[in-house]
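Architecture and fold: a report
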Amino acid sequence: MKKTALIVLALVAVLGAGSYFLFRGGAEPVRIIKSGRVEKAQVRKVLQATGIVKAQVGALIKIGARATGILEKVLVKVGDTVKKGDLVAEVDDRELRARIAEAEARLRLAEARRVYAAKTLPRKRQLVQKKLEAQDSLDQALQDEHVARFEVAAARATLQTLHVQSSYYKIYSPMDGIVSQVAAQEGETIVSGLNVSNLVTVLDPARLEMWIYVDETDVGRVHVGLPVEFSVDAHADRIFHGRVDRVYPEPEVRDNIVYYRALVMVDSSQARFLRPEMTTQCKIIVETRDNVLSIPNAALKWISGRQVVFVGEPDTDEPREVTPKLGLQGLERSEVLSGLEDGEPVAVQLVVPGSKLGGKGI
């Protein structure tokens, strides 16, 4: 019996050792390569999204012509700076000038008839009073004077209309800005009502906004006033700032995904680095907590379905495994509510040994 008991104990010892090497893989303990620190810092919850820079309503104006004729002069080219009221193009107005001259002559003729009628009326009145002419002649003189007066008014209105139309032949910039497009050339025929939409386009580069396309799963956390950070590839080293000005209620479906547009106004001091239709990489700051205990997100490791942290410095014999209680989790750091102390070293890069993998870095 004693001999049998010794054999059983020996077997248990061998099986225990085998189990240890089976589960430990016969390898070294977890080894830390690089560590960070538990420290107080700012933690931000952000939503990442893609945006597009756009010109504000009224910042991009397509200037057309209401006149019909040959485009005689185009006085600007793409990239030119223009001021409000600057002449940008002219349409041949010779035909209109001839019509204005004709209308002026008709006005002078009507005015002459009126003068004659005005002088004739009192003479007719005296003759009728002296019974030298019939009443009908006075009535006719009254009618002639009224008609002459209306003819003058009509001639003046016609001339005024033609002068208004003459303004259509000279095309002016309605605002300060930069010429972003010239869609017609000198010598082309402009037909009123057809090519009226766009001859020259003027852009105010200081009046920009940004559209952020927020996924439907995140839009519930986005509201007016939230700070926004964004960047563009053209200035990759620069971070731009703004705030959510409004969230549109109507969705947009892009690639079968539902988005809601959040609008961010771009400050004029930042607009000089941006151009319409630039793609932006955006971060909407949903929540910020300052000076809270936190760890780098790289220190959080998933082991056997648990999110753990290994505490220790590189080259330590055996790091300590901790399951911390976390608060706000940001893109780079996460808030620690309990389980870790300020200043403790935490592994951000380590090697988990394994008998089959020969060690796995995480």
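It should be emphasised that the depicted structure is a prediction, and the values quoted were computed from it without experimental measurement.

The next subject is the overall build of the protein chain. Secondary structure assignment for the protein chain yields four helices and 22 strands. Counting every position in the protein chain, which comprises 362 residues, the buried fraction comes to 35%. Long-range contacts, defined as pairs at least 24 residues apart, comprise 73% of the intrachain contacts of the protein chain with a sequence gap of at least 6.

How two helices pack is summed up by the angle between their axes together with the distance between the axes. Look at helix 2 (residues 94–129) against helix 3 (residues 135–166): their axes get within 8 Å of each other, and the N-to-C directions meet at 160°. Viewed along their axes, helix 2 and helix 3 adopt a mutual orientation that is roughly antiparallel. Between helix 2 and helix 3 lies a crossing whose hand is left-handed. For the contact of helix 2 with helix 3, the class distribution of residues is 17 nonpolar, six polar and 13 charged.

The next thing to look at is the packing of aromatic side chains. According to the stated counting rule, one finds three aromatic pairs in the structure shown. Pairing Y213 with Y259 gives two aromatic rings, centres 6.4 Å apart and planes at 80°, and the pair type is edge-to-face. Taken as a pair, Y213 in strand 11 (residues 208–215) and Y259 in strand 14 (residues 257–266) lie far apart in primary sequence, 46 residues in all. Each of the two residues, Y213 as well as Y259, counts as buried. Look at F240 and F273: their rings are 6.4 Å apart centre to centre, the planes differ by 55°, and that puts the pair in the tilted class. Here F240, found in strand 13 (residues 235–254), pairs with F273, found in the loop between helix 4 (268–271) and strand 15 (279–296); they are 33 residues apart in sequence, far enough to count as distant. Connected via pairs of aromatic rings, a cluster forms that spans F230, F240 and F273.

Positive phi outside glycine occurs at N256, with the angle close to 65°. Checked against the element boundaries, N256 lands in the loop between strand 13 and strand 14. With phi around 75°, E277 is a residue other than glycine that occupies positive phi space. Tracing the chain through its elements places E277 in the loop between helix 4 and strand 15.

Attention shifts here to helix 2. With 36 residues, helix 2 extends 53 Å from end C-alpha to end C-alpha; this agrees with the ideal 52 Å at 1.5 Å per step. L96, I100, A103, L107, A110, A117, T120, L121 and V128 are the residues of helix 2 that are buried. Taken together, the buried residues of helix 2 touch helix 3. Just past helix 2, the residue K131 takes up positive phi, approximately 60°.

Looking now at the environment of V292. On the secondary structure map, V292 appears in strand 15. Expressed as a C-alpha distance, the spacing of V292 and D342, which sit 50 residues apart in the sequence, is 10.0 Å. Residues in contact with V292, not counting those within four places in the same chain, are E39, K40, A41, V43 and E335.

Another point: the sheet that holds strand 9 (residues 189–190). Read from one edge of the open sheet, four strands run 7-6-4-9, paired in antiparallel fashion. Looking at strand neighbours, the two that pair on one side only are strand 7 (170–172) and strand 9, the edges of this open sheet. Bridge count for strand 4 (residues 69–74) against strand 6 (residues 87–91) is three bridges, and the pairing is antiparallel. Across the sheet, the residue bridging to V74 is A89, located in strand 6.

Attention now moves to the sheet that holds strand 10 (residues 200–203). Within a beta sheet, neighbouring strands are joined by backbone hydrogen bonds and run either parallel or antiparallel to one another. Spatially, the four strands line up as an open sheet ordered 3-10-8-5, and their pairing is antiparallel. The open sheet terminates on both sides in strands that have one partner only, identified here as strand 3 (60–63) and strand 5 (81–82). Bridge count for strand 8 (residues 177–182) against strand 10 is four bridges, and the pairing is antiparallel. Looking at strand 10, one finds that I178 is bridged to L203.

Applying the stated criterion to the full structure yields 20 salt bridges. Across the pair D80 and K77 runs a salt bridge whose closest N-O atoms are separated by 3.5 Å. E111 is the partner of R156 in a salt bridge, and the nearest nitrogen-oxygen pair spans 3.2 Å. Of this pair, R156 sits in helix 3 while E111 sits in helix 2; the two residues are 45 residues apart in sequence, bridging distant segments of the chain. Judged by its relative accessible area of 45%, R156 is partly exposed.

Reading the values: rules and limits
Residues numbered from 1 in each chain as written. Predicted model: local features only at pLDDT ≥ 70, side-chain atom pairs only at ≥ 80, totals over all residues. Heavy atoms only, no water. Helix = DSSP H or I, 4+ residues; strand = E, 2+ residues; numbered from the N terminus. Buried < 20%, exposed > 50% of the residue type's maximum accessible area, 1.4 Å probe, protein only. Contact = heavy atoms within 4.5 Å. Axes fitted to C-alpha atoms, helices over the stretch in contact; angles between N-to-C directions. Parallel < 35°, antiparallel > 145°, perpendicular 65-115°, else oblique. Left-handed = near helix turned anticlockwise from the far one by under 90°. Nonpolar A, V, L, I, M, F, W, Y, C, P; charged D, E, K, R; others polar. Phe/Tyr/Trp six-rings, centres within 6.5 Å; stacked < 30°, edge-to-face > 60°. Expected span 1.5 Å × (residues − 1). Pairing = 2+ DSSP bridges. Salt bridge = Lys/Arg side-chain N within 4 Å of Asp/Glu carboxyl O.

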